[in-house]
Amino acid sequence: MPYSEDDLLPLSALQHLLFCPRQCALIHIEQAWQENLFTAQGRLMHERVDQTGRESRKDVKIEYGMPLRCLRLGLIGKADVVEFHKMDSEGGWRPFPVEYKRGKQKKENWDKVQLCAQALCLEEMLGRAVPAGALFYGKNRRRQDVLFSDELRRESEDAALQLHELIAAGRTPAPVYTKRCDSCSFYELCLPRLLEKKRKVESYLDQAYELDSQKFCFYVLKYCLPKHMDKIQ
Ligand code: SF4
């Protein structure tokens, strides 16, 4: 069943979710936002390409800051750039989303999933197939073409579903320290190592308390109510 307009979630949240569900919940449930060097660079880069407008070249029309929406996946957002490539055989224009990213190509699929979700939005909005797009990386100024395979499409759909489940549950997951935390703008707020230790100590204390309670019952039965002891031994 399609989502309603009120249930749409930001497309950019898919990246946050894939990077760390706790970070996603801190931003989109608790409305917290922490900026660090990486996010500031990303923001500046997007501000540069975030203008709306159009450009036309011979076989390509370019749309900047194009609004996107997909009711099937419950997503809303904006594409940095959508190129429309002229198709000789069919005489139409094929949409080709291009997303600008700070840094360089990642080994994980996060950027591709977000780009593919943009393609799914375009397909729903324009009723046209969007078989490919591209990611442009600021650090090495490389453009990487991305094919929207069935597998990548499924990954994007699954991520959208997980995002809706996380937001609907309204609970921020507990921190789990990984190497990603070192580049996370929420590190100081999240304190993943400290909270993880605290959780371990609490669980140790719970277990110790549980053992002590069992020992206490045993002593009561043995020394205060010895007759009942036969029944449980
Ligand atoms: S510091 Fe680590 S656990 Fe906390 S939000 Fe960032 S990535 Fe997630």
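The rules behind the values
- Residues numbered from 1 in each chain as written.
- Predicted model: local features only at pLDDT ≥ 70, side-chain atom pairs only at ≥ 80, totals over all residues.
- Helix = DSSP H or I, 4+ residues; strand = E, 2+ residues; numbered from the N terminus.
- Contact = placed C-beta atoms within 7 Å.
- Expected span 1.5 Å × (residues − 1).
- Buried ≥ 20, exposed ≤ 12 C-beta atoms within 10 Å, placed from the backbone.
- Arc of directions from axis to C-beta.
- Near = placed C-beta within 6 Å.
- Nonpolar A, V, L, I, M, F, W, Y, C, P; charged D, E, K, R; others polar.
- Axes fitted to C-alpha atoms, helices over the stretch in contact; angles between N-to-C directions.
- Parallel < 35°, antiparallel > 145°, perpendicular 65-115°, else oblique.
- Pairing = 2+ DSSP bridges.
- Right-handed = clockwise from strand over helix to strand, strands pointing away.
- Core = buried A, V, L, I, M, F, W, Y, C linked by C-beta atoms within 7 Å.

A. The arrangement of the overall build of the chain in detail. Check the secondary structure of the chain and you find eight helices and seven strands. Put simply, 61% of the contacts in the chain that link residues at least 6 apart link residues at least 24 apart.

B. Spotlight on helix 5 (residues 150–169). Between its first and last C-alpha, helix 5 extends 29 Å over 20 residues, near the 28 Å set by a 1.5 Å rise per residue. If you check which residues of helix 5 are buried, you get Ser 156, Ala 159, Ala 160, Leu 163 and Leu 166. Down the axis of helix 5, the buried side of the element spans an arc of 130°, and every buried residue falls inside it. Facing away from the buried side of helix 5, by more than 90 degrees, are the exposed residues Asp 150, Glu 151, Arg 154, Asp 158, Leu 161, Glu 165, Ala 168 and Ala 169.

C. Up close: the site of the ligand. Neighbouring residues of the ligand: Cys 20, Arg 22, Gln 23, Pro 175, Val 176, Arg 180, Cys 181, Cys 184, Phe 186, Tyr 187, Cys 190 and Pro 192. Elements with a contribution of two residues or more to the shell around the ligand: helix 2 (21–28) and helix 6 (187–190). Its residues assigned to classes, the shell around the ligand shows nine nonpolar, one polar and two charged.

D. View of the packing of helix 4 (residues 110–126) against helix 5. In the contact formed by helix 4 and helix 5, the axes pass within 9 Å of each other and the chain directions differ by 90°. By the angle between their axes, helix 4 is roughly perpendicular relative to helix 5. Here Lys 112, Val 113, Cys 116, Ala 117 and Leu 120 of helix 4 come into contact with helix 5, specifically with Leu 152, Arg 153, Glu 155, Ser 156, Ala 159 and Ala 160. In terms of residue class, the contact of helix 4 with helix 5 is made up of seven nonpolar, one polar and three charged.

E. Representation of the pairing of strand 6 (residues 132–137). Sheet topology places strand 5 (residues 93–101) next to strand 6; four bridges connect them, and they run parallel. What sits directly across from Val 98, in strand 6, is Ala 134. For the segment spanning strand 5, helix 4 and strand 6, crossover handedness is right-handed. Strand direction decides the pairing type here: strand 6 and strand 7 (residues 142–147), joined by six bridges, are antiparallel. Following the sheet pairing, Ala 132 is matched in strand 7 by Leu 147.

F. Here's a closer look at helix 4. For helix 4, with 17 residues, the first-to-last C-alpha span of 24 Å sits near the 24 Å given by 1.5 Å per residue. Among the residues of helix 4, Lys 112, Val 113, Gln 114, Leu 115, Cys 116, Ala 117, Gln 118, Ala 119, Leu 120, Cys 121 and Leu 122 are the ones counted as buried. Just downstream of helix 4 lies Gly 127, where phi reads positive at about 65°.

G. Inspection of the environment of Lys 106 at higher detail. Within the fold, Lys 106 resides in the loop between strand 5 and helix 4. Remark: the alpha-carbon pair of Lys 106 and Tyr 137, spanning 31 residues in sequence, is separated by 9.9 Å.

H. Examining the nonpolar core more closely. If you look at the biggest cluster of nonpolar residues, it comprises 38 residues, and the most contacted ones within it are Leu 14, Leu 17, Leu 75, Ala 117 and Leu 163. Elements that contribute at least two residues to this core include exactly helix 1 (13–19), helix 2, strand 3 (60–70), strand 4 (75–86), strand 5, helix 4 and helix 5. With eight residues, helix 4 is the largest single contributor of residues to this core.

I. Looking closely at the environment of Glu 99. With respect to the element layout, Glu 99 can be found in strand 5. For Glu 99, a count of 20 C-beta atoms within 10 Å corresponds to the buried category. C-alpha separation for the pair Glu 99 and Asp 80, spaced 19 residues apart in sequence, amounts to 5.5 Å. Among all residues touching Glu 99, those that are not within four sequence positions of it are Asp 80, Asp 111, Gln 114, Leu 115, Gln 118 and Leu 135.

J. Region of interest: the pairing of strand 3. Here strand 2 (residues 53–56) pairs with strand 3 via four bridges, running antiparallel. What sits directly across from Gly 53, in strand 3, is Tyr 64. Linking two consecutive strands that pair antiparallel, namely strand 2 and strand 3, is a turn of three residues. Summarising the sheet, strand 3 and strand 4 pair through ten bridges and their orientation is antiparallel. Bridge pairing in strand 4 places Cys 70 opposite Leu 75.

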